[in-house]
Amino acid sequence: MIVIVGGGVTGLSTAFWLAREGHPVTVVEKGIVGWEASGRNGGGCTHPYSPLFREEQRLWPMMDELLGHPTEWRPNRIKVALDEGQLDRLWKSTKLATDQGFAAEALDRAALRELVPWVGESAVGGILWKYGGHANPQRASQAYAWAVERLGGRILQHTPVRGIRTQGGRAVAVQTANGEIGCDAVVIAAGPHTAALAAPLGHRVPMAPARVEMIVTEPLPPIAMGGVDGNGLYGRQTLRGNLAYGGGPHEWIDLDGEATPRPVNTPVVAGLARRLQELFPRLGHVRVIRSWGGIVENTPDGRPILDRLEDPGNVVVASMSSVGFGLSPATGRALTQLVLQGRCDFADLSQLKLSRFGNLPVDWRSRQGWDALPV
Amino acid sequence: MTDADPTSIAGMPFPRRDSFAHVVIGAGETGIAAARAAASSGQRTLLVDEHPLDPGLFGLDIPYLFGGRLDASTRQAGRMEERVVSARPDLVMAMEEGVEVALGVAAWGAFVKGASSRALPARLLGLADRNAAWLVAFEQLTIAAGARDVALPFPGWTLPGVMGAQGFDAALRLYGAFSGRRIAIVGGGALAMKAEAAARAAGLDVALRIAAPAPLRILGREEVAGLVWQQDGTWHETACDTVVLAVDTVPMADLPDMLGCAIAWDPARGGFAPLTDAQGRSSLEGVAIRGEAAGTAPSQRAAWLDLALAADDALVCACEEVSAADLRALRPPRYLDAEGPEAGLARLGPPNQDQVKRLTRAGMGPCQGRRCRESVHALLSREGPAPLASYRAPLRPLPLAVLAALEEDPALRANWTGWFGIAAQWLPHWEPAPSDAEYIGGRLSGEDVVK
């Protein structure tokens, strides 16, 4: 039995690939699957700086069929620049993908207007990424969960994990609020709670939780490619037509116990609206109908930790450092390989080991200015 | 410790237009009395009321079920403001006693410190009129926003001419803009009787009032033309141009929920109602909830909703076109043309309305779920009450241009990033993280981060 601690998108994808290969899996989730940041995010599937990028791009077009439920994945992204500096930074991030053989195309204002009728004279140009895409986070997270169950895996919701029992250098059971689950291997993929779950095993997994927020508008008639963003925003037009966009200041927080705090919104929602209107000046009349908050975690360098521990040797630790949804199809496959064979044969994960933080000072959060303010 | 992360919210000042010792939301009788009491005790007091509404909200049934039965006079803001003032004579007294009164101003958000919001410099309230949003700071808050309508999803309920009791009352007595002539009233309690009395006092033709829960159908093609109901095993029909659903109202718990006030399910108080003590104090210090916002009278809502929801084709969420059958099957939205999981709702475990919303889109439309919240909740609560679906800012649907007009601190703009400010996050993860990387993850400004 392989026990996955955490029913977020990373854990669910891992469970899916394991179950698909016939391994018995149990996902243990303290609340509802995909409930936290996995189910509420920008839905982007475009991460060229990740060693898992190529696999991310290969897998998304197949996920609806593999999972048996629609994920709302759609290909391509359009980046809009409102000044030359924005355009310059967009080309720098574009180069990460074009260096790997993916194609991108410059869009002058007219071409941009053709694809994105909402932009105005303020747009200096854009870039069409003929790679990447976007999907519906809640629907995709839930689709993984239903696929796991269909493949014979077990998902325990509303079941907090209290500890991992070890014996002779191996994890032998996961202790939950409803009893123990014996295990042959464990994957800890519990987002910001990963650190607290790994600590009793003698491992410091450095991460700082933070709250982030997004806004959603009423639906608009869908444009040809909904994956449009820029001006300091990430986001998309959903298939239904709503605009869902985030960005701007985050808030570093501390966790208090096993619960994830309620992710509230702040007046930053108005800042998001301002930037969205700057990006799409023709949409000033469109109503904002919702906002979201989410709690994510970041490692000191903002990069994932995907690592199988040496002791206990059958425990894999996974944090995507605040960027987990889009990469999830590939991450789950990579983690499956770490569980089963100790190494990933399709991506270079050598820089994502926990050991890179071996010399990290104890007060690293303070040194980086990432301390939570007192409540 | 080094300086706080400049791309974080720590230290952001959030410019506010004003500060008040006491803000009262809702200028009905309860709110006016609370504001006058606060002002007379020497508190600098602001009283806000969203009426007269941005006319765009009438069509969205916000905050009441208006059902398209308000005439064109509601487009004239000045005239409507006069009517609101003349409908509430105590407002003038409140002003004379020093209460600052802001009409046509909606409270769309309240922001207080909590486990995930530690950086706020003060308790802030987000307000907006038709043109702009702004913030005010407050020390004490009294919420007297009243109650909103409960829609019953009987066939035809989305036709123009189907209103709630609150929408009817506002159209008739607040706006003086009711455009119907012959009405049928649904409901057996005090709410329905009050609607009937008001209608008769206004000289309207009351076709009938249906007091006991009964199957209904609302007739009409473009708008309400009549009502059919079942009684003693036979169907009866009457002609009317308006149907007033006056079975029940529900406390307007949006602001209390956003603030984090304790709210509990209590059918005897209108469903989800904030917990308050005898003085109206909520669980949150300095926040009082008074009048119908803290609880309404018992009603026969459950029996009526059961009747309406029994039909598979009951259109529960009008914005997103989700039927009772869609909800039971947990069917994805129509644009996906896909089936839900085998076993439907039963696949989820304990039902959660926010989760079901994201999967079916019921409650996700521009009316912000006001028309279907109670129906969806009833449908999910067969084994006991499902938890309260959360309320999120903006609590009224605000145009981008209105929210965008909120004054912004220059440091917020200078330090704005698309996603955190961690340069190494955006560079190849197969190479070691460089120590002096350029941040390309969506900085707005090419300048160095400043604060």
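Treat the numbers as computed from the prediction; the structure is a model and nothing was measured.

Undergrad: Explain the interface of chain A and chain B to me, and be specific about the residues and the numbers.
TA: Listed per partner, the contact involves 80 residues of chain A and 73 residues of chain B. Those elements that provide at least two residues to the side of chain A that touches chain B are α3 (84–98), α5 (137–150), β11 (208–217), β15 (251–252), α7 (268–279), β16 (287–298) and α9 (364–367) of chain A. Among the elements that take part in the side of chain A that touches chain B, β16 of chain A stands out by supplying 9 residues, more than any other. In terms of residue class, the side of chain A that touches chain B is built from 33 nonpolar, 30 polar and 17 charged.

Undergrad: Describe the sheet that holds strand β13 (residues 234–239) of chain B, and please don't skip the residues or the numbers.
TA: All names here are of chain B. Overall, antiparallel pairing links the 3 strands, which are arranged β11-β12-β13 in an open sheet. Two strands bound the open sheet, and with one partner strand each, they are β11 (216–219) and β13. Going from strand to strand, the sheet's axes swing by 20 degrees on average, the running direction of each strand aside. Where strand β12 (residues 226–231) and β13 come together, 6 bridges link them in antiparallel fashion. Among the inter-strand pairings, Val 228 is bridged to a residue of β13, identified as Glu 237.

Undergrad: Any chance you could break down the sheet that holds strand β2 (residues 25–28) of chain A for me, citing the residues and the numbers?
TA: Residues and elements named next belong to chain A. Strands sit in the order β6-β2-β1-β10-β18-β17 across an open sheet of 6 strands; the sheet is mixed. Looking at which strands have only one partner, the edges of the open sheet turn out to be β6 (154–156) and β17 (305–308). Between one strand axis and the next, the sheet turns by 15 degrees as a mean value, whatever way the strands run. Contacts from helix α1 (residues 9–20) reach β1 (2–5), β2, β10 (185–188) and β18 (315–319), with the element oriented near 170 degrees to β2.

Undergrad: Residues and numbers for the environment of Leu 128 of chain A, please.
TA: All names here are of chain A. Considering the arrangement of structural elements, one finds Leu 128 in strand β5 (residues 125–134). Judged by local crowding, Leu 128 falls into the buried class, with 20 C-beta atoms found within 10 Å. Spatially, the C-alpha atoms of Leu 128 and Leu 115 are 9.5 Å apart, while their sequence positions differ by 13 residues. With sequence-adjacent residues up to four places away left out, Leu 128 is seen in contact with Asn 76, Ile 78, Ala 104, Glu 105 and Leu 107.

Undergrad: Go over the pairing of strand β6 (residues 133–143) of chain B with me, naming the residues and quoting the values.
TA: Residue and element names in this part refer to chain B. Pairing of strand β1 (residues 18–25) with β6, which is carried by 7 bridges, proceeds in the parallel orientation. Along β6, the bridge assignment pairs Val 24 with Thr 142. For strand β5 (residues 124–128) and β6, the ladder comprises 5 bridges, and the chain directions are antiparallel. Residue Leu 127 lies in a different strand from β6, and its bridge partner there is Trp 134. The antiparallel hairpin formed by β5 and β6 contains 4 residues in its connecting segment. Alignment of β6 against strand β18 (residues 287–289), held across 3 bridges, turns out to be parallel.

The rules we used
- Chains are numbered independently. Their residues run from 1 in the order of the written sequence.
- To read the labels, note that chains go from A and ligands from 1, taken in the order they are written.
- Local features in this predicted model are restricted to residues whose pLDDT is 70 or higher, and side-chain atom pairs enter the listing and the counts only when it is 80 or higher, whereas totals over whole chains, interfaces and linings include all residues.
- A pair of residues counts as a contact when their C-beta atoms, built from backbone coordinates, are separated by no more than 7 Å.
- Only DSSP runs of H or I covering at least 4 residues are called helices, and only runs of E covering at least 2 are called strands; the numbering of each starts at the N terminus.
- Put simply, Ala, Val, Leu, Ile, Met, Phe, Trp, Tyr, Cys and Pro go in the nonpolar bin, Asp, Glu, Lys and Arg in the charged bin, and everything else, Gly too, in the polar bin.
- When DSSP finds at least two bridges between two strands, those strands are taken to pair.
- Fitted lines through C-alpha atoms give the axes, limited to the stretch in contact for helices. The angle between two N-to-C directions lies from 0 to 180 degrees.
- Once C-beta atoms are placed from the backbone, each residue is buried if 20 or more other C-beta atoms lie within 10 Å of its own, exposed if 12 or fewer, and partly exposed for counts between those two.

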